[in-house]
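# A closer look at the structure
Now for the letters of each chain:
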Amino acid sequence: MTTSATTPLTASGPNADQIDYWNGDAGERWARYQDKLDAMLQPFSGAVLELAAIKPGERLMDIGCGCGATTFEAAEHAGPAGHALGVDISAPMIARARKRAEERAKTSGGHAEFMLADAATHDFGANTFDLLVSRFGIMFFADPVAAFSHMKPSLGTSGRIAFVCWRPMKENGWVSVPFFAALPHLPPQEPPLPGAPGPFAFADPDRFRSILEDAGYRDIAIEPFDASLSLGRGDNPVEAALEQTLEIGPLSRALKELPNETKTRAADAVREALAGHVSNGEVRLGGAVWLVSARA
Ligand SMILES: C[S@@+](CC[C@H](N)C(=O)[O-])C[C@H]1O[C@@H](n2cnc3c(N)ncnc32)[C@H](O)[C@@H]1O
């Protein structure tokens, strides 16, 4: 299996829109904010890797690995005899992950490698992995049943999966507080179609369960998990949280094409809302996820 592809993926196949999206501004911004996003999202990699219970020597794939934080953490669990492969469609994020892998090579005990590929369609071969993990990288497939069915043979007959994905937006203060503060300043927003590819595609656990059942997985367990997320810290935590909120996530998408005056009014409203959530020098808001496990 080659892991050295460096040229961007062609935006084709069922996930062409997502390949376009994550190779544009969004991927560049995630790569730029990697440190801050990893600090914010760490509670969720901790939780999903505890669920995964990776044993030394195991081989795993991190689906939608982004800049690699979860892949690196998983590789430590798998140890020198194991192997962690991070797979992502975003060239800027895979480039960032590979750079970090080079920097870590001298100190890290695990093997982490990265591949630019669509996990929903790439041929990983049969019996290649003991488990599939993902921190928020599995909600973007155009046809999730086809995607999870396609990946299943790579687990043989005894492999397992451990994923973390978002519960509904209204339960996730880190998104809903800024979004609803900005809403009066935005043009009317079309609510996303339930289940459409995006961060909240698997917010309905019954839908996710039936997708995994239809894809042939068994022993499916879906449990809620909550964490307090740090959106901004340092000398000016509110400005740090505001900057990140305007650059990454649903609000940044909603603001993208709007005139500067509208963006400024929305930003003022978001700043005021975030200022109400400062404690001990940090802006903290709630994050609510599903921890999902199953067997192939
Ligand atoms: C919300 S980001 C999460 C990144 C990373 N797992 C983390 O937690 O920092 C979602 C990631 O999924 C990737 N992704 C979306 N669809 C994918 C696909 N079909 N195959 C591989 N990666 C995909 C995106 O490029 C993006 O890096």
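Computed from a predicted model, the values in this text were never measured in an experiment. (Residues numbered from 1 in each chain as written. Predicted model: local features only at pLDDT ≥ 70, side-chain atom pairs only at ≥ 80, totals over all residues. Heavy atoms only, no water.)

## Things to note about the overall build of the protein chain
Cut-off, in case you're wondering: Helical segments are the DSSP runs of H or I of at least four residues, strand segments are the runs of E of at least two, and each set is numbered from the N terminus. Just to be clear, the radius of gyration here is over C-alpha atoms, and the globule rule we use is 2.2 Å times residues to the power 0.38. Remark: exposure states derive from per-residue accessible area (1.4 Å probe, protein chains only) relative to the maximum for the residue type, with buried under 20%, exposed over 50%, and partly exposed in between. Residue contacts follow a heavy-atom distance rule, with two residues in contact if any of their heavy atoms lie within 4.5 Å. Shrake-Rupley sampling with a 1.4 Å probe provides the accessible areas, and residues are treated as covered by the protein chains on show and by no other component.
The secondary structure content of the protein chain amounts to 11 helices and 8 strands. Relative to a compact globule of 296 residues, whose C-alpha radius of gyration would be 19 Å, the protein chain shows 19 Å and is just as compact. Taken along its principal axes, the extent of the C-alpha atoms in the protein chain is 55 × 45 × 35 Å. Counting across all 296 residues of the protein chain, residues that qualify as buried make up 52%. Considering only intrachain contacts with a sequence separation of at least 6, the fraction spanning at least 24 residues in the protein chain is 83%. By element, 53% of the accessible surface of the protein chain is carried by carbon and sulfur atoms, the whole surface being about 13,300 Å².

## Overview of the pattern of salt bridges
Under the convention used in this document: Put simply, a salt bridge is a Lys or Arg side-chain nitrogen that is within 4 Å of an Asp or Glu carboxyl oxygen.
Here the structure, examined in full by the defined rule, presents 16 salt bridges. One salt bridge connects R59 with D130, and the closest N-O pair in it is separated by 3.1 Å. Here R59, found in strand β1 (residues 59–63), pairs with D130, found in the loop between β3 (112–116) and β4 (131–135); they are 71 residues apart in sequence, far enough to count as distant. Of the residues examined, R59 reaches a relative accessible area of 32% and is grouped as partly exposed.

## Description of the site of the ligand
To keep things clear, this is the line we draw: Residues are counted as near a molecule or strand when any one of their heavy atoms sits within 4 Å of it. Counting of polar contacts relies on pairs of N or O atoms within 3.5 Å, with two restrictions inside protein: one atom must be capable of donating a hydrogen and the other of accepting it, and residues adjacent in sequence are counted only when both atoms are side-chain atoms. Gly is put with the polar residues, along with every residue not named as nonpolar or charged; the nonpolar set is Ala, Val, Leu, Ile, Met, Phe, Trp, Tyr, Cys and Pro, and the charged set is Asp, Glu, Lys and Arg.
Near the ligand, the surroundings consist of 18 residues, among which G64, D88, D118, A119 and R135 are the closest. Within the side chain of D88, an N or O atom sits 2.5 Å from an oxygen atom of the ligand. About the coverage of the ligand: the protein hides 97% of its 600 Å² of free accessible area. Here the shell around the ligand is composed, by residue class, of 10 nonpolar, 5 polar and 3 charged.

## Considering the confidence of the model for the protein chain
When pLDDT drops low, the exact placement of atoms in the prediction is not to be read closely. As a reminder of what qualifies: What pLDDT expresses is the predictor's confidence in each residue, scored from 0 to 100.
For the protein chain, the average pLDDT comes to 94, and 97% of its residues sit at 70 or higher. This model gives residues 1–5 a pLDDT under 50, and the stretch forms 14 contacts once residues within four places in sequence are excluded.

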